[in-house]
Amino acid sequence: MLVLSRKNGQKIIINEDIEILVIECSQNIVKLGISAPRDVKVYREEVYREIKYANIKSNETTSELVSQLENLIPKENKTEDAKSVQWNKKTKIIKKKND
Amino acid sequence: MKIETVRFGSIEVDEKLIFEFVRPIIGYDEAHKFVLVENGQNNLFRWLQAVDAPEIAFPVSMPSLFNIEYQFEIDDEYVEILGLNSQNDLLTFNIVNIPNSNPKDSTINLLGPIIINVNNNKGMQLVLSGTDYQARQRLFPKDVSSIKEVGV
């Protein structure tokens, strides 16, 4: 790991097209300004990890589990046509092929 | 076109309804194309299935279908990336997580909504900032007795 010391108003440049500016540093908070090309993704670490974890857990889900969850939901929630309208908004939904 | 999936076998999808993700589902950078698959008895859930990776699929739903109040803003940067011209072109939904041990503890990811421009089928997983929404928001209150059980 590279360790750098910077003062308020100073920058770090990464790869010539990413700039990180120390806007303000006081007490326990560093305020950074990040300028980067569009395809560079910048996330707060803890948020990134939380979402990644939730995504990975979700991808482990089976169809059977969705059925189990559906069975927990009161029937009146299931049958409203208005709910399918929200999904169908302009996109048609692809139905599972029965074969 | 026909696509292979682990959960639904081989399914036929309309090429015009394939979403092109301009930013990935976090942790799944290899999947860029997705379709919504209907598989179940009701309108509360769909599956967001990767077109080019049979094993990648996420159950998805909408907070409003569970009476969860939910709103967020999309930064101009992403409005531009998606080419969004009108709110009418926006389709949003959220990834659901159903724990193997107990579906009553199911959660919905309100921190990383999926947003789609249905006009050009460009989509992404947005990461919200400056919000109290959680990546694992319970669908049901913790008090189990308040859940109405319904038979199959």
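To start, this report covers the structure provided alongside it. Just so you know, these numbers come straight off a predicted model, no measurement behind them. (Residues numbered from 1 in each chain as written. Chains lettered and ligands numbered in written order. Predicted model: local features only at pLDDT ≥ 70, side-chain atom pairs only at ≥ 80, totals over all residues. Heavy atoms only, no water.)

Turning next to the overall build of chain A. Along its length, chain A carries four helices and four strands. Looking at chain A as a whole, 28% of its 99 residues are labelled buried. The contacts in chain A between residues at least 6 apart in sequence include a share of 0% that link residues at least 24 apart. With the model as given, the accessible surface of chain A reaches about 7,300 Å², and the carbon-plus-sulfur share is 50%. (Helix = DSSP H or I, 4+ residues; strand = E, 2+ residues; numbered from the N terminus. Buried < 20%, exposed > 50% of the residue type's maximum accessible area, 1.4 Å probe, protein only. Contact = heavy atoms within 4.5 Å. Areas by Shrake-Rupley, 256 points an atom, 1.4 Å probe, with all protein chains shown as cover.)

With that settled, the discussion passes to helix α2 (residues 63-70) of chain A. The set of residues buried in α2(A) consists of S63(A), L65(A), V66(A), L69(A) and E70(A). Along the long axis of α2(A), the arc covered by the buried residues comes to 160 degrees, so they all point the same way. (Arc of directions from axis to C-beta.)

Moving on, we come to the layout of surface pockets. If you add up the space inside the largest pocket, you get close to 850 Å³. Broken down by secondary-structure element, the contributors of at least two residues to the lining of the largest pocket are β3 (29-35) of chain A together with α1 (76-82) and β10 (122-125) of chain B. In terms of residues, the lining of the largest pocket owes the most to one element, β3(A), which gives four residues. Classifying every residue of the lining of the largest pocket gives 16 nonpolar, six polar and seven charged. (1 Å grid on protein atoms, 1.4 Å probe; cavity = no way out; pocket = protein on both sides within 12 Å on 5 of 7 lines; lining within 4 Å. Points joined across faces, edges and corners; volume = space filled by probe spheres on them. Nonpolar A, V, L, I, M, F, W, Y, C, P; charged D, E, K, R; others polar.)

Before going further, it helps to examine the nonpolar core. By size, the foremost hydrophobic cluster in this structure holds 64 residues, and its most contacted members are L69(A), I25(B), F34(B), L48(B) and F93(B). Here the element with the most residues in this core is strand β7 (residues 90-97) of chain B; it accounts for five residues. Dropping the residues within four chain positions of it, F93(B) is found in contact with W87(A), L36(B), L48(B), V60(B), S61(B), M62(B), P113(B), I114(B) and I116(B). (Core = buried A, V, L, I, M, F, W, Y, C linked by side-chain atoms within 4.5 Å.)

In this structure, S63(A) sits in helix α2. Judged by its relative accessible area of 14%, S63(A) falls in the buried class. Those residues in contact with S63(A) that lie beyond four places of it in its chain are R7(B), F8(B), N39(B) and W47(B).

Right, let's talk about the sheet that holds β3(A) for a bit. Residue and element names in this part refer to chain A. Strand order in the open sheet formed by three strands is β1-β2-β3, with antiparallel pairing between adjacent strands. At either margin of the open sheet sits one strand with a lone partner, and together these are β1 (11-14) and β3. Each adjacent strand pair in this sheet contributes to an overall mean axis angle of 25 degrees, direction not counted. The sheet contact formed by strand β2 (residues 18-26) and β3 spans seven bridges and is antiparallel. Paired with E24 across the bridge in β3 is K31. (Pairing = 2+ DSSP bridges. Axes fitted to C-alpha atoms, helices over the stretch in contact; angles between N-to-C directions.)

Before going further, it helps to spend a moment on the interface of chain B and chain A. Opposite the 76 residues of chain B that make contact, chain A presents 50 residues. Here chain B is connected to chain A by two salt bridges. Here K41(A) and D29(B) are joined by a salt bridge, their closest N and O atoms 4.0 Å apart. Residue assignment for the side of chain B that touches chain A shows that the elements contributing at least two residues are β2 (9-12), β4 (33-38), β5 (46-50), β6 (57-61), α1 and β7 of chain B. Ranked by the residues each element gives to the side of chain B that touches chain A, the list is headed by β7(B), at six residues. Classifying every residue of the side of chain B that touches chain A by side-chain character gives 42 nonpolar, 18 polar and 16 charged. (Salt bridge = Lys/Arg side-chain N within 4 Å of Asp/Glu carboxyl O.)

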